[in-house]
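What follows is the residue order along each chain.
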Amino acid sequence: MRPPKVSRILATLAAAALTALGAVTVDSAPASAAIRNVCYNTSQAGPFAGYANQAATIWNNATNNINMAQCGSNLMIYYTYGGGSYAVRNSLGNGYVVIDYYQAQQYSPLRIMTHEIGHILGLADNYNGNCAILMSGGSAGTSCTNPYPSAGEAATVDSYFRSALRSATTAQVFTDSWPAPATAGALR
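Presented here is a report on the structure given in the accompanying data block.

So, how was this worked out
Residues numbered from 1 in each chain as written. Predicted model: local features only at pLDDT ≥ 70, side-chain atom pairs only at ≥ 80, totals over all residues. Heavy atoms only, no water. Helix = DSSP H or I, 4+ residues; strand = E, 2+ residues; numbered from the N terminus. Buried < 20%, exposed > 50% of the residue type's maximum accessible area, 1.4 Å probe, protein only. Areas by Shrake-Rupley, 256 points an atom, 1.4 Å probe, with all protein chains shown as cover. Contact = heavy atoms within 4.5 Å. Pairing = 2+ DSSP bridges. Disulfide = S-S within 2.5 Å. Axes fitted to C-alpha atoms, helices over the stretch in contact; angles between N-to-C directions. Expected span 1.5 Å × (residues − 1). Phe/Tyr/Trp six-rings, centres within 6.5 Å; stacked < 30°, edge-to-face > 60°.

## A closer look at the overall build of the protein
When helices and strands are counted, the protein shows six helices and six strands. Put simply, the protein runs from its N terminus to its C terminus through helices and strands in the order α-β-α-β-β-β-β-α-α-α-α-β. In the protein, which comprises 188 residues, the proportion classed as buried is 43%. When the accessible surface of the protein is totalled, it reaches about 9400 Å², and 56% of it is carbon and sulfur.

This is the structure in C-alpha cells:
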C-alpha cells in the first residue's frame, strides 16, 4: 500500500534538510518519491473552482510523482460560455484549461476538468468510448461520469514526471475532446 501523500512529502523534505546540513541519508524510498509540484490557480475558474480542487485531489491520489496545489499559476483554470472545453499545454505541468459552461451542463464537469488537467500532465486524447478511460473524453457519452484516471493513465503521468520525457513536454493544444453542446432550436 502506498504511503499517504503527506508522509511522502515530509520524508522528501526531511531528507533534503538533512542533506543540506551535511548529514548522510539512506534513501529507502523509491525513485518515484521525488515529487514535483504542479501549482494551479482557480481565480478565473468561476463556478468550476471547486471542480478544479476535486480534480487536483484525484490526480494527487492516483499518482506518486506529482503534488497539485493552489500555490501559483503554472496551471490556470478558466471558464467560458460556448466554444468547447480544452487544454493548452505549454510544457509538462504548465498551461491552461478552459471549461465550457454549457458543455458542463451535458457532461460531468468533474470528468471534464480531470480530463483536461490530464492533458497538462502529459496525456493525449484516447477516443475509444470506454468510460473507464479518463482520456476517452466525451466519446464515452453523457452518461459517463467517471472522473478517475485508469491505472495505466496514472502510471504514464508518473513516468512523465519521473523522467520529464521530452514527448510530454512539447507545447500542444487539445480541443474537440467533448462533442459540441446542443444549442437551442437545433434539429433533433
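## Considerations on the environment of Thr80
Position of Thr80 among the secondary structure elements: in strand S3 (residues 75-80). Along the backbone, Thr80 and Gln103 are 23 residues apart, and their C-alpha atoms lie at a distance of 9.8 Å. Filtering out sequence-adjacent residues up to four positions away, Thr80 remains in contact with Val98, Ile99, Asp100 and Tyr101.

## Digging into the pairing of S3
Summarising the sheet, strand S1 (residues 36-44) and S3 pair through three bridges and their orientation is parallel. Counterpart to Asn41 in the pairing with S3 is Met76. The pairing of S3 with strand S5 (residues 94-100) spans six bridges and is classified as parallel. Directly across from Thr80, in S5, lies its bridge partner Asp100.

## Describing the state of the cysteines
One pass over the structure, following the stated rule, counts two disulfides. Between the sulfur of Cys39 and that of Cys71 lies a disulfide, 2.0 Å long from S to S. One disulfide, between Cys39 and Cys71, carries an S-S torsion of -90° and so falls in the left-handed class. A residue pair is termed long-range when its members are at least 10 positions apart, and Cys39 in strand S1 and Cys71 in the loop between strand S2 (66-69) and S3 qualify at 32 residues. Put simply, Cys131 and Cys144 are joined by a disulfide, and their sulfur atoms are 2.0 Å apart.

## Regarding the sheet that holds S1
Taken together, the six strands give an open sheet; going across it, the order is S2-S1-S3-S5-S4-S6, and neighbouring strands pair in mixed fashion. Whereas interior strands pair on both sides, the edge strands pair on one side only; in this sheet they are S2 and strand S6 (172-174). Neighbour-to-neighbour, the strand axes of this sheet turn through a mean angle of 20°, independent of strand direction. Against the sheet, helix H4 (residues 109-120) touches S2, S3, strand S4 (86-91), S5 and S6, its axis set at about 155° to S5.

## Some words on helix H2 (residues 49-62)
The first and last C-alpha atoms of H2 sit 20 Å apart over 14 residues, in line with the 20 Å expected at 1.5 Å per residue. Within H2, burial applies to Ala49, Ala52, Ala55, Ala56, Ile58, Trp59 and Asn60.

## Notes on the packing of aromatic side chains
One pass over the structure, following the stated rule, counts nine aromatic pairs. When the ring of Tyr78 is compared with that of Tyr96, the centres are 5.9 Å apart and the planes differ by 80°; the resulting orientation is edge-to-face. With Tyr78 in strand S3 and Tyr96 in strand S5, this pair connects stretches of sequence that are 18 residues apart. Relative to Tyr96, the ring of Tyr86 has its centre 6.4 Å away and its plane inclined at 75°; by these criteria the two rings are edge-to-face. Taken together, the residues Tyr86 in strand S4 and Tyr96 in strand S5 connect sequence positions ten residues apart. Taken together, the ring pairs in this structure connect Phe48, Tyr51, Tyr79, Tyr81, Tyr101 and Tyr102 into an aromatic cluster.

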